[in-house]
Amino acid sequence: MRGAVEGLASPHPLAEHLPAVYQEDWFAQRLMSAFDPVLAPVFSVLDNFHAYLDPALAPEDFLAWLAGWMGLTLDETWPVERCRAMVLQAAALYGRRGTVSGLRDHLEILSGGSVELTDGGGVAWSRTPGASLPGTPQTSLLVRVAIDDPASLDADRLDALVRAAKPAHLPHRIEVVAR
């Protein structure tokens, strides 16, 4: 939350903008100067608003608001670097949603570890009729996440992400292992 900043001077002191008749009025000058410390942070935010819209530069408490613009909900337990990475890459991740690389990248940001995806299905074509089919008869998706502390990962959130990103007919299994 933006608030008063000790010692921050206003770039536009209100008393200087009073009509000439009030320029020498002691009471009017004191009254208007009381608003300067309150408005100085507002001017500062407006002057630097471009930095607030950049996830790499935005204040920590502003990241959740930026994430809301992208349809994301950030986990309060994440380090700020992971939150920034998620917001920075959100548009690119949405563009690759439903792909193996998109799911892998999303899971890596979510978990902070390395992710290995194993899919038993496959796609192929052949000029020979009756050629063997690709993949295995029992198709499934295996998600193996390697992180330093497996107990720190929210398994329900990870499962919900995989469930939303994979094809509905494809069963999946998640393994969380230590690095």
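Side chains of W26, F27, L31 and F35 sit close together on the surface and give an oily, nonpolar patch of about 480 Å² of accessible area. Position of F27 among the secondary structure elements: in helix α1 (residues 26-33). With a relative accessible area of 54%, F27 lands in the exposed category.

Here the structure, examined in full by the defined rule, presents six salt bridges. Here D105 makes a salt bridge to R96, at a shortest N to O gap of 2.6 Å. Residues R179 and D148 are paired through a salt bridge, measuring 3.5 Å at the closest nitrogen-oxygen approach. With R179 in the segment after β3 (172-178) and D148 in the loop between β2 (141-147) and α7 (155-165), this residue pair connects regions lying 31 residues apart in the sequence. By the burial criterion, R179 is exposed, and D148 matches it. Here the residues in one salt-bridge network are E116, R144, R173 and E175, joined through shared partners.

With that settled, the discussion passes to the packing of aromatic side chains. Within this structure, the stated rule accounts for four aromatic pairs. Ring geometry for Y52 and F62: centres 5.0 Å apart, planes at 85°, overall edge-to-face. Here Y52 is found in helix α3 (residues 49-52), whereas its partner F62 is found in the loop between α3 and α4 (63-69), with ten residues between them in sequence. Neither residue differs from the other here; Y52 and F62 are each classed as buried. Ring geometry for W65 against W69: centres 4.6 Å apart, planes inclined by 55°, an arrangement best described as tilted. Residue W65 and its partner W69 are located together in helix α4, separated by four residues, close to a single helical turn.

A few words on helix α6 (residues 100-111). Between the first and last C-alpha of α6 there are 16 Å, a value that for twelve residues agrees with the 16 Å anticipated at 1.5 Å per step. What α6 keeps buried is the set G102, L103, H106, L107, I109, L110 and S111. Looking at the buried positions of α6, the neighbouring elements they touch are α5 (80-95), β1 (114-119), β2 and α7. Trailing α6 by a residue or two, G112 shows a phi angle of about 75°, which is positive.

Definitions and limits used
Residues numbered from 1 in each chain as written. Predicted model: local features only at pLDDT ≥ 70, side-chain atom pairs only at ≥ 80, totals over all residues. Heavy atoms only, no water. Patch = residues over 30% accessible without salt bridge, like charges linked within 9 Å, V, L, I, M, F, W, Y side chains within 5 Å. Areas by Shrake-Rupley, 256 points an atom, 1.4 Å probe, with all protein chains shown as cover. Salt bridge = Lys/Arg side-chain N within 4 Å of Asp/Glu carboxyl O. Helix = DSSP H or I, 4+ residues; strand = E, 2+ residues; numbered from the N terminus. Buried < 20%, exposed > 50% of the residue type's maximum accessible area, 1.4 Å probe, protein only. Phe/Tyr/Trp six-rings, centres within 6.5 Å; stacked < 30°, edge-to-face > 60°. Expected span 1.5 Å × (residues − 1). Contact = heavy atoms within 4.5 Å.

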